[in-house]
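Each chain, letter by letter, is given below.
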Amino acid sequence: MWRLANHVRQYAWGSTTEIPRLLGIEPNGHPQAELWLGAHPSAPSTIASGGTEPIGLDAMIASDPVTTLGTEVARSFNKRLPFLLKFLAVAQPLSLQAHPDKERAQAGFAAEEAAGIPIDAPHRNYRDPNHKPELVMALGEFEALCGFRSPAASAADLAGLTTPLAQALHADLTAADPSAALRSAMTRLLTLPADQRATLVTETAEELAERATAPSRHLRAVLDLAERYPGDPGAIAALLLNHVVLSPGQALFLPAGNVHAYLHGVAVEVMATSDNVLRAGLTTKHVDPEELLKVLDYSMLPIPYVEPVVRDGLIEYRPDIDDFALIVAEPREKAVWLPEGPAIALVVEGAVELHAPSGGNLALARGESAFLSARTGPVLASGQGRIIIATVAQQPAATTADHHDHTTRWSSVHPTLDPVNPR
């Protein structure tokens, strides 16, 4: 087990208070958007190693991938930690965006490398050759746009509007094939002539606002985006998406091609280790509509909630992806066994102590975190707190017999700790 020091990313949409509150430090007045926990090369967590200079988690893993990741994970994920954990503090809407699948990411990365585009160039689309599926779990009320809703519902919101853009979109959205309807509407919005774009979008947003006598929360979000980003087609595109308000503990899984935007709230997010983002708008950053339109999934699907499974004192979110799973542990009256590493644990409430039967304890307060290597083995968490754990989905879950064996061995060493025993 290694205590981690993590990077804070200061993006304009971030909260000035939420990450400082998590870390127990004074706000500096600047937006702080994301706390990164992982081994992504652009902002790896660091660990203290035997009193020497801190070393990046990516470098530590590279020095001994089998010991840190385990044989199977090292083999399956090219000797790299396959997930990245983030704490998100969203005070203003993020860009409307989607992420590529692995095949497109590899091709796009290779093409941009061959073109000699610097990896940190603002106009670069592909900063690594990996896909970026994501799972986001709300820590408070969390508002988002996620995936395409019924084109008929979007057409109903545009019905009766007289602006040229509204009428053209209404015609697109009433096509017989829902996927074709959504593709036509998004393509129209993201390829508006540059010299007409601002006028077309602004007049449509203004007429939407005039007609909205009792706007839904979704429509209020669309109008808010139009006010924040005047003339930006992404605001009207938001009308085509599902509007979602997550309660604490609710989660969404966003696979490749899912168009989405986070609007407000605090959450944790786990994803494949990638920084590939294709943006549709609602941002001052690089936007590449042509590339984005190629990666979008135009299917009309249910909102992709992830239902947790409660097992052995843990709340587990396991989407259909090999790279990661998200686990919540809440040791209170009883200590709980955490999933075996490789894993990253972040305390978001209270304080806990991690105990490895193989030796070693680690006390973590709110905002502190640790990397659990594969060699650490089973770890018992005690105290009064809440821990978020990112781990690898393909890791075999410990069986009831395993837990009983760990508990028996642990009780002989620490008889004062009472672990949760599986039934």
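Being a predicted model, the structure only gives us computed values, none of them experimental.

A. The side chain of serine 369, seen in detail. The residue serine 369 is located in strand 20 (residues 369–372) in this model. By relative accessible area, serine 369 is classed as buried at 1%. Among the polar contacts made by the side chain of serine 369, one reaches the side chain of asparagine 6 at a distance of 2.9 Å. The contacts of serine 369, once residues within four sequence positions are left out, are Trp2, Arg3, Leu4, Asn6, Leu37, Ala345, Leu346 and Leu364.

B. The arrangement of the UniProt feature "binding site: Zn(2+)" (unreviewed entry) in the chain in detail. Using the residue numbers shown here, the UniProt feature "binding site: Zn(2+)" (unreviewed entry) corresponds to Gln97, His99, Glu134 and His260. The named residues occupy 164 residues along the chain; their greatest pairwise C-alpha distance, 12.4 Å, places them in one compact cluster. Examined against the element boundaries, histidine 99 turns out to sit in the loop between strand 7 (96–98) and helix 5 (102–114). Excluding residues within four positions of it along the chain, histidine 99 makes contact with Lys132, Glu134, Ala256, Gly257, His260, Asn276 and Val277. Its location among the elements puts glutamate 134 in strand 8 (residues 134–138). Beyond its immediate chain neighbours, meaning those up to four positions away, glutamate 134 contacts His99, Leu252, Phe253, Leu254, His260, Tyr262, Glu269, Val270, Met271 and Phe324. Within the local environment of glutamate 134, its side chain forms a polar contact with the side chain of histidine 99, the two groups lying 2.9 Å apart.

C. Geometry of the nonpolar core. Within the largest apolar cluster, 49 residues are counted, with the highest numbers of intra-cluster contacts made by Leu96, Phe148, Met186, Leu240, Leu292 and Leu296. Examining the composition of this core, we find that six residues originate from one element, helix 10 (residues 217–228), more than from any other. Discounting chain neighbours no more than four positions away, the residues touching methionine 186 are Phe148, Ala237, Leu240, Leu293, Leu296 and Tyr298. Residues Val73, Ala89, Phe324 and Val328 belong to the second largest nonpolar core, which totals 40 residues.

D. Geometry of the environment of threonine 163. You can see threonine 163 is positioned in the loop between helix 6 (151–158) and helix 7 (164–173). A relative accessible area of 7% places threonine 163 in the buried class. Sequence separation between threonine 163 and threonine 213 is 50 residues, and the spatial gap between their C-alpha atoms is 18 Å. Other than its neighbours up to four places away in sequence, threonine 163 contacts Glu203, Thr204 and Glu207.

E. Representation of the pairing of strand 1 (residues 2–5) within the structure. Residues Trp2 and Leu4 line the buried face of strand 1, whereas the alternating positions Arg3 and Ala5 sit on a face that is not buried. Alignment of strand 1 against strand 20, held across two bridges, turns out to be antiparallel. Bridge assignment links tryptophan 2 to a residue of strand 20, and that residue is phenylalanine 371. Two elements, strand 1 and strand 4 (residues 46–47), share two bridges in a ladder whose sense is antiparallel. The partner of alanine 5 across the bridge, within strand 4, is threonine 46.

F. Structural view of the pairing of strand 12 (residues 260–272). Counting buried positions over the 13 residues of strand 12 gives 12, a clear majority of the element. Here strand 6 (residues 83–90) runs beside strand 12; their pairing, made up of eight bridges, is antiparallel. Residue leucine 84 lies in a different strand from strand 12, and its bridge partner there is methionine 271. Relative to strand 12, strand 8 is paired through five bridges, and the arrangement is antiparallel. Bridge pairing links leucine 135 to valine 270 in strand 12. The pairing of strand 9 (residues 142–148) with strand 12 spans four bridges and is antiparallel.

G. Region of interest: helix 8 (residues 178–190). Compared with the 18 Å implied by 1.5 Å per residue over 13 residues, the 18 Å span of helix 8 between its first and last C-alpha is a close match. For helix 8, every residue scored as buried is listed here: Ala181, Leu182, Ala185, Met186, Leu189 and Leu190. Each buried residue of helix 8 sits inside an arc of 145° when the element is viewed along its axis, so together they form one side. As for helix 8, its buried residues are in contact with strand 9, helix 6, helix 7, helix 11 (233–237), strand 13 (278–281) and helix 12 (289–295). Near the N-terminus of helix 8, the side chain that reaches the backbone nitrogen of serine 179, with its oxygen 3.0 Å away, is that of aspartate 177.

H. Examining the pattern of salt bridges more closely. Taken as a whole and assessed by the stated rule, the structure comprises 19 salt bridges. Residue glutamate 316 pairs with arginine 318 through a salt bridge whose shortest N-O separation is 3.0 Å. Take glutamate 316: its relative accessible area is 7%, and that puts it in the buried class. Judged by relative accessible area, which is 32%, arginine 318 ranks as partly exposed. Arginine 332 is paired through a salt bridge with glutamate 349; the nearest N and O atoms lie 3.9 Å apart. Here arginine 332 is found in the loop between strand 16 (325–329) and strand 17 (336–338), whereas its partner glutamate 349 is found in strand 18 (residues 343–355), with 17 residues between them in sequence.

I. Summary view of the side chain of threonine 204. Mapped onto the fold, threonine 204 is located in helix 9 (residues 197–211). Owing to a relative accessible area of 0%, threonine 204 belongs among the buried residues under this scheme. In this structure threonine 204 touches Thr163, Leu165, Ala166 and Ile236, once residues within four positions along its chain are discounted.

J. Layout of the packing of helix 7 against helix 9. Viewed as axis vectors pointing N to C, helix 7 and helix 9 meet at an angle of 85°, and their least axial separation amounts to 8 Å. In terms of their interaxial angle, helix 7 and helix 9 are classed as roughly perpendicular. Between helix 7 and helix 9, the contacting residues are Pro164, Leu165 and Ala166 on the first element and Leu200, Val201, Glu203 and Thr204 on the second. Of the residues contributing to the contact of helix 7 with helix 9, the split by class is five nonpolar, one polar and one charged.

The rules behind the values
- Residues numbered from 1 in each chain as written.
- Predicted model: local features only at pLDDT ≥ 70, side-chain atom pairs only at ≥ 80, totals over all residues.
- Heavy atoms only, no water.
- Helix = DSSP H or I, 4+ residues; strand = E, 2+ residues; numbered from the N terminus.
- Buried < 20%, exposed > 50% of the residue type's maximum accessible area, 1.4 Å probe, protein only.
- Polar contact = N/O pair within 3.5 Å; in protein donor to acceptor, adjacent residues only side chain to side chain.
- Contact = heavy atoms within 4.5 Å.
- UniProt positions renumbered as here; feature names shortened; annotations may be inferred.
- Core = buried A, V, L, I, M, F, W, Y, C linked by side-chain atoms within 4.5 Å.
- Pairing = 2+ DSSP bridges.
- Expected span 1.5 Å × (residues − 1).
- Arc of directions from axis to C-beta.
- Salt bridge = Lys/Arg side-chain N within 4 Å of Asp/Glu carboxyl O.
- Axes fitted to C-alpha atoms, helices over the stretch in contact; angles between N-to-C directions.
- Parallel < 35°, antiparallel > 145°, perpendicular 65-115°, else oblique.
- Nonpolar A, V, L, I, M, F, W, Y, C, P; charged D, E, K, R; others polar.

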